[in-house]
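Working through the structure, step by step
Residue strings, one per chain:
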Amino acid sequence: MKKIMMSAVALTAIMGSMSVVSAADKGIDIVTTGQAVVYYNTAAKNNTDQTLFGGHSDGTNNINNDNTRANFGIQLNLDADLKNGFTFGSQLNYLGTLGLEKNIVTNTMQNTNGGTAENNIADDIYLSKLYIAKQLGNTTLKLGRQELPKSLSPFAFSEGWNVFKNTFDAILAVNTDIKDTTLVGAYVSKSNHNGFGNDMSSFTDLSINNNAITGAAGVAINGEAYMLTVANKSIPMTAITASYYQLNNVGTAGTAGNGEGASIIWADAAVAGKDLPMGLKVGLQGGQISPEASDLDDTTAFGVKVGMAPVKGLNVCLAYTSVNDGTAHVQNSGGVKTPLYTQMIANQGAIKSDNDTMMLKAAYNTGEYGAVILQATQSTDNSDTDRDLTDIELVYKVKAGGVNFLAAYINQTWSEKDANGVDQQDIVRVVARYNF
């Protein structure tokens, strides 16, 4: 992070044609941070013509089978202390491809124009954050486009798995007047919805079921979401978080809101402390999504996890989650991931609805040579499709030369074939991220 004195003229050149006075004349400090990212993802399903590492079995890069994706991105954050308790935050993202779509990939992980890498190659920028915050005693009020953390907003949060995080148009208030307690209130209206190949410059309505946008059975939020979260650490070695959402103007998928609403109640309790044996950590979570419409069923879910560090550098975790057959999915309303303990890199489709899932994870940190993670889930599909999923993931993370590298291999096997005869998929992901 670098702190510099900067004129508003430079800020205008980056953020757009704003009419502002000189920040330097007012003694305003502007802090700049950012990152540069190269992201590559390739996948292959059996009984198709897809092959790993570029194109298909016929040697072509058929854009209609977008199994290999890449992006190059640069992110710049500009934050300023405006005095009198006011602060300003902004984030500008550039998304490109380095021309990789011309030979080794068929699509992008993220874009800014809703198109594919082949027929919509124009590199472009978009504004992912732009907010003003005000400190009032122990209360912080933030208005504008911003990130929301999963720890305090489990059903509207910014996901970090893609090139860049998704953000939200929101009003956020955080208060810490009560000892060991954080109160969070939020009004959330739109997000740019993290996902494969999503247009990150487009901010649209939230959705409880991500596939509700395409008209599949589900619940879409066509109005607004209100949230209240209470996080408390009064009990020794215990952190308890409870969230309530009120969703207004909710309709069945593919239709406009019908004036009816839905509510979400979600709670999480985590026990951890240095005095516990072998670094023992225990977590409990659970809640319910309750649409008001009579033709939509309530969704209930719960989870438990136990983790420990039996030897130096090694952490192991065992988790179990269960979701019933309610209409709404247990899923981020601004992305594709879930708040469930059994969430891994690519298994969200199997765990967000009507399933029981077991997860086993082991992570070993070697120190300067990085960390190795082996994790696996077994998901029992309780729906009529009866496609149980076994997901095995091997991940390596290391920081070298100031660059954070991630390499992952994922193998997914289903107990039944889908309509296209697919019952197995392999995924390889490589990411290089330099923070400055």
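Rules behind the numbers
Residues numbered from 1 in each chain as written. Predicted model: local features only at pLDDT ≥ 70, side-chain atom pairs only at ≥ 80, totals over all residues. Heavy atoms only, no water. Helix = DSSP H or I, 4+ residues; strand = E, 2+ residues; numbered from the N terminus. Buried < 20%, exposed > 50% of the residue type's maximum accessible area, 1.4 Å probe, protein only. Contact = heavy atoms within 4.5 Å. Areas by Shrake-Rupley, 256 points an atom, 1.4 Å probe, with all protein chains shown as cover. Phe/Tyr/Trp six-rings, centres within 6.5 Å; stacked < 30°, edge-to-face > 60°. Lys NZ or Arg CZ within 6 Å of the ring centre and 35° of its normal. Patch = residues over 30% accessible without salt bridge, like charges linked within 9 Å, V, L, I, M, F, W, Y side chains within 5 Å. Salt bridge = Lys/Arg side-chain N within 4 Å of Asp/Glu carboxyl O. Pairing = 2+ DSSP bridges. Polar contact = N/O pair within 3.5 Å; in protein donor to acceptor, adjacent residues only side chain to side chain. Core = buried A, V, L, I, M, F, W, Y, C linked by side-chain atoms within 4.5 Å.

**Thoughts on the overall build of the chain**
- Helix and strand counts for the chain stand at two helices and 23 strands.
- Here the chain holds 436 residues, and the buried ones make up 46% of them.
- Nonlocal contacts in the chain, meaning residues at least 24 apart in sequence, comprise 58% of its contacts between residues at least 6 apart.
- Of the accessible surface of the chain, which amounts to about 20000 Å², a share of 57% is contributed by carbon and sulfur atoms.

**Some thoughts on the packing of aromatic side chains**
- Considering all chains together, one arrives at seven aromatic pairs under this definition.
- Measuring from ring centre to ring centre gives 6.3 Å for F72 and Y94, while their planes differ by 70°; the resulting arrangement is edge-to-face. Of the two residues, F72 sits in strand β3 (residues 68-83) while Y94 sits in strand β4 (residues 86-96), which places them 22 residues apart along the sequence.
- Residue class for Y94 comes out partly exposed when judged on its relative accessible area of 24%.
- Through pairs of rings, three or more aromatic residues link up here, namely F155, Y245 and W266.
- Here K337 stacks its cationic end above the ring of W161, 4.8 Å away from the centre of that ring.

**Quick look at a nonpolar patch on the surface**
- On the surface, a nonpolar cluster with roughly 660 Å² of combined accessible area is contributed by Y369, V372, L374, I392, L394, Y396 and Y409.
- Take L394: it is sitting in strand β21 (residues 389-400).

**Overview of the pairing of β21**
- With nine bridges connecting them, strand β20 (residues 371-381) and β21 associate as antiparallel partners. Looking at the pairing, V372 lines up with Y396 of β21.
- Where β21 meets strand β22 (residues 403-414), twelve bridges bridge the pair, whose relative direction is antiparallel. When the bridges of β22 are listed, K399 appears paired with N404.
- In sequence, β21 turns back onto β22 through a hairpin of two residues, with G401 there showing a positive phi of about 60°.

**Looking at the pattern of salt bridges**
- As enumerated under the stated definition, the model contains four salt bridges in all.
- The residue E147 makes a salt bridge to K165 at a minimum N-O spacing of 3.8 Å. In this pair, E147 sits in the loop between β7 (139-146) and β8 (168-175) while K165 sits in the loop between β7 and β8, placing the two residues 18 residues apart along the sequence.
- Three or more residues joined by partner-sharing salt bridges are found here, namely K129, E147 and K165.

**Looking at the side chain of T112**
- Here T112 shows up in the loop between β5 (110-111) and β6 (124-136).
- Excluding anything up to four places from it in sequence, T112 contacts L95, D124, Y126, D199 and S201.

**A word on the environment of D298**
- Of note, D298 is situated in the loop between β16 (281-291) and β17 (299-311).
- Sequence separation between D298 and A262 is 36 residues, and the spatial gap between their C-alpha atoms is 9.5 Å.

**A short note on unusual backbone geometry**
- In this model, D354 sits at a positive phi of 50°, which is unusual for a non-glycine residue.
- Inspection of the secondary structure assignment puts D354 in the loop between α2 (348-351) and β19 (355-365).
- The phi torsion at D386 lies on the positive side, around 55°, for a residue other than glycine.
- Here D386 shows up in the loop between β20 and β21.

**Here's the deal with the pairing of β7**
- Bridging between β6 and β7 involves seven bridges; their strand directions are antiparallel. Residue pairing for β7: A133 is matched across the bridge by K142.
- With eight bridges joining them, β7 and β8 adopt antiparallel strand pairing. Bridge pairing in β8 places Q146 opposite F168.

**As for the environment of A346**
- Structurally, A346 is set in the loop between β18 (314-323) and α2.
- In this structure A346 comes out as partly exposed when scored by relative accessible area, which is 21%.
- The contacts of A346, once residues within four sequence positions are left out, are K337, D391, E393, I410, Q412 and I427.

**Some points on the side chain of N111**
- Relative to the assigned elements, N111 resides in strand β5.
- What makes N111 buried here is its relative accessible area of 6%.
- Polar contacts involving the side chain of N111 include one to the main-chain carbonyl oxygen of G197, which spans 3.0 Å.

**Concerning the nonpolar core**
- Formed by 25 residues in total, the largest nonpolar core has its most connected members in F155, F168, V188, Y245, L247 and V330.
- Counting residues per element, the ones that place at least two in this core are β8, β9 (181-191), β13 (225-232), β14 (238-252) and β15 (260-272).
- In this structure, V330 is in contact with F155, W266, I289, T299, A301, V323, T338, P339, L340 and K352, ignoring residues within four places of it in sequence.
- Core analysis: the second largest hydrophobic core is formed by eleven residues, V37, W161, F164 and V336 among them.

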